[in-house]
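Residue-level structural notes
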Amino acid sequence: HTSGLSHGFDVTGELNRVDGIYAKALKGRSRLTLAEFTDRLSELPLLFQPGSAWGYSMSPDVCGRLIEVITGKTLEAFIQERVCGPLRMVNTGYTISEPERHRLAQVYMHRGSTMMVGMKQEPSEGPFVLEDITDSLDTGGRAFTAEQQLKDGSAGLVGTAGDFARFC
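The sections below set out a description of the structure shown in this document. Just so we're clear, the structure is a prediction, and the values are computed from it rather than from any experiment. (Residues numbered from 1 in each chain as written. Predicted model: local features only at pLDDT ≥ 70, side-chain atom pairs only at ≥ 80, totals over all residues. Heavy atoms only, no water.)

Quick word on the pattern of salt bridges
Side chains that differ in sign of charge can pair as their charged atoms come close. Under the defined criterion, the tally for this structure stands at two salt bridges. Arg65 is the salt-bridge partner of Glu68, the closest N and O atoms lying 3.0 Å from each other. Linking Glu68 with Arg65, this pair stays in helix α3 (residues 59–71), spanning three residues, or about one helical turn. Judged by relative accessible area, which is 26%, Arg65 ranks as partly exposed. In this structure, the salt-bridge partner of Lys73 is Glu81, at a minimum N-O distance of 2.5 Å. Here Lys73 falls in the partly exposed class, since its relative accessible area comes to 30%. Since its relative accessible area comes to 42%, Glu81 is described here as partly exposed. (Salt bridge = Lys/Arg side-chain N within 4 Å of Asp/Glu carboxyl O. Helix = DSSP H or I, 4+ residues; strand = E, 2+ residues; numbered from the N terminus. Buried < 20%, exposed > 50% of the residue type's maximum accessible area, 1.4 Å probe, protein only.)

Printed below as a string of structure tokens:
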């Protein structure tokens, strides 16, 4: 996370003008392919000179795109072939089939003294717009369905605790 890229957490740009630029330029990113996403990202300013600071960023997404270019495979196919397959992580991926959706754990966060349920991550709506997503599984573009285009390097994989234990 020393590339100078931002993550766009400050969608209003109040604290960080660059984050506001990222949020606006990458709105609707879940409908993009990783190639389209990184093409858009390449046109945006850096938050800081590479190597001069550390900050959460979209660098893992760029690394995912590099994997696609180098291997000639989608990141999803590469992860299945080189990570999930060899480790027998059969319940890990970017999508969840309809019959398996009931297995998705609920996400909880605190907002002050209130427990909130669910998390949306669409940049235009802020980094953590919380609501109950039990029925819809709509996580702001990360609905874990086949319609979700963006399968990136920094988020989106879901799996079972058993699969995670195989990874660790």
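Some words on the environment of Arg40
The topology assignment puts Arg40 in helix α2 (residues 34–41). For Arg40, a relative accessible area of 32% gives the class partly exposed. Considered as a pair, Arg40 and Ala25 are 15 residues apart in the sequence and their alpha carbons are 7.4 Å apart. When near neighbours in sequence (up to four residues on either side) are disregarded, Arg40 contacts Ala25, Leu26, Lys27 and Leu32. (Contact = heavy atoms within 4.5 Å.)

Quick word on unusual backbone geometry
Not every positive phi belongs to a glycine, and Arg88 is a case in point at roughly 55 degrees. In this structure, Arg88 sits in the loop between α4 (75–84) and β1 (108–111).

A few points about a nonpolar patch on the surface
On the surface, a nonpolar cluster with roughly 380 Å² of combined accessible area is contributed by Phe9, Trp54 and Tyr56. Note that Trp54 resides in the loop between α2 and α3. Judged by relative accessible area, which is 53%, Trp54 ranks as exposed. (Patch = residues over 30% accessible without salt bridge, like charges linked within 9 Å, V, L, I, M, F, W, Y side chains within 5 Å. Areas by Shrake-Rupley, 256 points an atom, 1.4 Å probe, with all protein chains shown as cover.)

Here's the deal with the nonpolar core
Looking at soluble globular proteins, one finds that nonpolar side chains tend to be buried together. Tyr22, Leu26, Phe37, Leu41 and Met58 are the most contacted members of the largest nonpolar core, which has 16 residues in total. Listing elements by their share of this core, those giving two or more residues are α1 (17–25), α2 and α4. The residues touching Leu41, leaving out its near neighbours within four places in the chain, are Leu5, Tyr22, Leu26, Met58 and Val62. (Core = buried A, V, L, I, M, F, W, Y, C linked by side-chain atoms within 4.5 Å.)

Brief notes about the packing of α2 against α3
For any two helices packed against each other, one specifies the inter-axial angle together with the distance between the axes. At their nearest, the axes of α2 and α3 sit 10 Å apart, and the two run at 125 degrees to each other. With respect to α3, the element α2 is oriented oblique. Of the two elements, α2 crosses α3, and the hand of that crossing is left-handed. Residues Leu34, Ala35, Phe37, Thr38 and Leu41 of α2 form the contact with α3, whose own contacting residues are Asp61, Val62, Gly64, Arg65 and Glu68. Per-class residue counts for the contact of α2 with α3 are five nonpolar, two polar and three charged. (Axes fitted to C-alpha atoms, helices over the stretch in contact; angles between N-to-C directions. Parallel < 35°, antiparallel > 145°, perpendicular 65-115°, else oblique. Left-handed = near helix turned anticlockwise from the far one by under 90°. Nonpolar A, V, L, I, M, F, W, Y, C, P; charged D, E, K, R; others polar.)

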